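Below, each chain spelled out in residue letters.
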Amino acid sequence: MSGIQGLGGADLDDAVREFITRTGEDHARHAQGRALSPAEARQVAEKVRASWRAGGPLMHRTTEAHAPSPHGPVRLRIHDPSPEPAKPILIYVHGGGWMLFSLETHDRLMREYAARAGVVVVGVDYALSPEAKFPLALEQCLAAVRWAAGGGVGAAGDVSRLAMGGDSVGGNMSLASAVALRDGGAGDLLKALMLHYGAFDTEIDDEHKIRFGGQGYMLTPEEMDVYWAAYLTDPAERTDPRAVPARAELAGLPPVFLTIPACDILTGQSLALADRLAAAGVKVRAEVYAGASHSFLEAVSISALADRALQDGSDWLAALLAPAP
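Quick caveat: nothing in here was measured; it's all calculated off a predicted structure. (Residues numbered from 1 in each chain as written. Predicted model: local features only at pLDDT ≥ 70, side-chain atom pairs only at ≥ 80, totals over all residues. Heavy atoms only, no water.)

Chemist: Give a description of the overall build of the chain that names residues and reports values.
Modeler: When helices and strands are counted, the chain shows nine helices and eight strands. Relative to a compact globule of 325 residues, whose C-alpha radius of gyration would be 20 Å, the chain shows 18 Å and is just as compact. Seen through its C-alpha atoms, the chain measures out along the principal axes to roughly 55 × 40 × 40 Å. Across the 325 residues that make up the chain, the buried fraction comes to 55%. The long-range share in the chain, meaning contacts at least 24 apart out of those at least 6 apart in sequence, stands at 77%. Carbon and sulfur atoms make up 53% of the accessible area of the chain, which totals about 12,800 Å². Of note, the chain has its 29 positive side-chain charges centred 4 Å away from the centre of its 40 negative side-chain charges. (Helix = DSSP H or I, 4+ residues; strand = E, 2+ residues; numbered from the N terminus. Rg over C-alpha atoms; globule rule 2.2 N^0.38 Å. Buried < 20%, exposed > 50% of the residue type's maximum accessible area, 1.4 Å probe, protein only. Contact = heavy atoms within 4.5 Å. Areas by Shrake-Rupley, 256 points an atom, 1.4 Å probe, with all protein chains shown as cover. Lys, Arg positive; Asp, Glu negative; His and termini not counted. Charge placed at Lys NZ, Arg CZ, Asp CG, Glu CD.)

Chemist: An account of the pattern of salt bridges is needed here, citing residue identities and associated values.
Modeler: On inspection of all chains with the given rule, the structure shows 23 salt bridges. The salt bridge involving D26 is made with R29; its shortest N-O contact spans 3.1 Å. In this pair, D26 and R29 both sit in helix 1 (residues 14-31), three residues apart, roughly one turn of the helix. When the shortest N-O distance is used, the salt bridge between K87 and D80 registers 2.9 Å. Overall, the relative accessible area of 7% leaves K87 in the buried class. Judged by its relative accessible area of 6%, D80 is buried. Here the salt bridges share partners, and the residues they tie into one network are R53, E64, R75, R77, E104, D107, R111 and D125. (Salt bridge = Lys/Arg side-chain N within 4 Å of Asp/Glu carboxyl O.)

Chemist: Which residues make up the nonpolar core, and what are the values?
Modeler: If you look at soluble globular proteins, the nonpolar side chains tend to sit buried side by side. Formed by 103 residues in total, the largest nonpolar core has its most connected members in I91, F296 and L317. Ranked by residues supplied to this core, first place goes to helix 4 (residues 136-149) with eight residues. If sequence neighbours within four positions are ignored, L317 has contacts with L90, A117, V119, A163, A192 and M194. (Core = buried A, V, L, I, M, F, W, Y, C linked by side-chain atoms within 4.5 Å.)

Chemist: Tell me about the sheet that holds strand 4 (residues 120-124), residues and numbers included.
Modeler: In a beta sheet, neighbouring strands are held together by backbone hydrogen bonds and run either parallel or antiparallel to one another. Strand order across the open sheet formed by eight strands is 1-2-4-3-5-6-7-8, with mixed pairing between neighbours. Two strands lie at the open edges of the sheet, namely strand 1 (61-67) and strand 8 (284-293), each paired on one side alone. Taking each pair of neighbouring strands and ignoring which way they run, the sheet shows an average axis angle of 20 degrees. Across the sheet, helix 9 (residues 304-320) touches strand 3 (87-93), strand 5 (157-167), strand 6 (192-196), strand 7 (256-263) and strand 8, and the angle it forms with strand 8 is around 170 degrees. (Pairing = 2+ DSSP bridges. Axes fitted to C-alpha atoms, helices over the stretch in contact; angles between N-to-C directions.)

Chemist: I'd like a rundown of the packing of helix 3 (residues 107-117) against helix 9, residues and numbers included.
Modeler: Relative to each other, helix 3 and helix 9 sit at 50 degrees, their axes nearing to 9 Å. As summarised for this structure, helix 3 and helix 9 are arranged oblique, according to the angle between their axes. Judged by the sense of rotation from one axis to the other, the crossing of helix 3 with helix 9 is right-handed. Where helix 3 approaches helix 9, its residues L109, E112, Y113, R116 and A117 are matched on the opposing element by D307, L310, Q311, S314, L317 and A318. When the residues that make up the contact of helix 3 with helix 9 are grouped by side-chain class, the tally is six nonpolar, two polar and three charged. (Parallel < 35°, antiparallel > 145°, perpendicular 65-115°, else oblique. Left-handed = near helix turned anticlockwise from the far one by under 90°. Nonpolar A, V, L, I, M, F, W, Y, C, P; charged D, E, K, R; others polar.)

Any functional reading would require information that these geometric values do not contain.
Structure below.
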């Protein structure tokens, strides 16, 4: 690995680089050099992402509901893009290292998928770490799946065409949810998984850590260490496939779409997962986007690359969940 070195963001798409620069500058301006508590960090993150969630598709109807869970009601946001009944349903789990972000920061992403794929999107407002430890958030995500599968969306959604997806740790919990449902005898509930730059493993391979873990990129290995420490309690959980789905057996899962940015410390995790899914007999489409970074889909307002990736995933999902002729 001695010949590997980072390029300081020079290999990024211009618009993606602008997204990283602007979010970094805004974070520094709001944080003002202070050490932030989790609550303060969330407030800053909401301010930094506010302009990026603005605009985008208008919905026919946006409502909120609550799904029962072992930990009390879980708030859900339902984006319905059109008046047509019986559309496919996508359960969406936002990223943010289990510690940050919300239904607000990811509202545009959810609306983009709703409009582009013609699906009802159900966003999950899971509890954040370190206050909420594994497996609380995962069990809330599972509760959202069961709520939707039980007809919670109403006439707008078709429970026989139910998918799940998310970005970063949202990809982690989407994959872990599919594994848990399969192992619990309900593996047929989900018909598709959409996993965007997922955090599937506690270990980051040296190549991507060195190349993309420095200044100029969106996510650092040190940040991932903080996120895992906030989410997990016991070292034994680092081998639990519900927390670390890279450890899971993958046979019997639904088809998977992997959105893989080329310039991300987690790229190797998605590439390894794609190989393992294929070896396990799972249908997988892995799309690698040159010049893209972690979180790049959020830059859709300025990035043609993000627009293409969103459309690729949406087209895949719409085709996969199309009604049988």
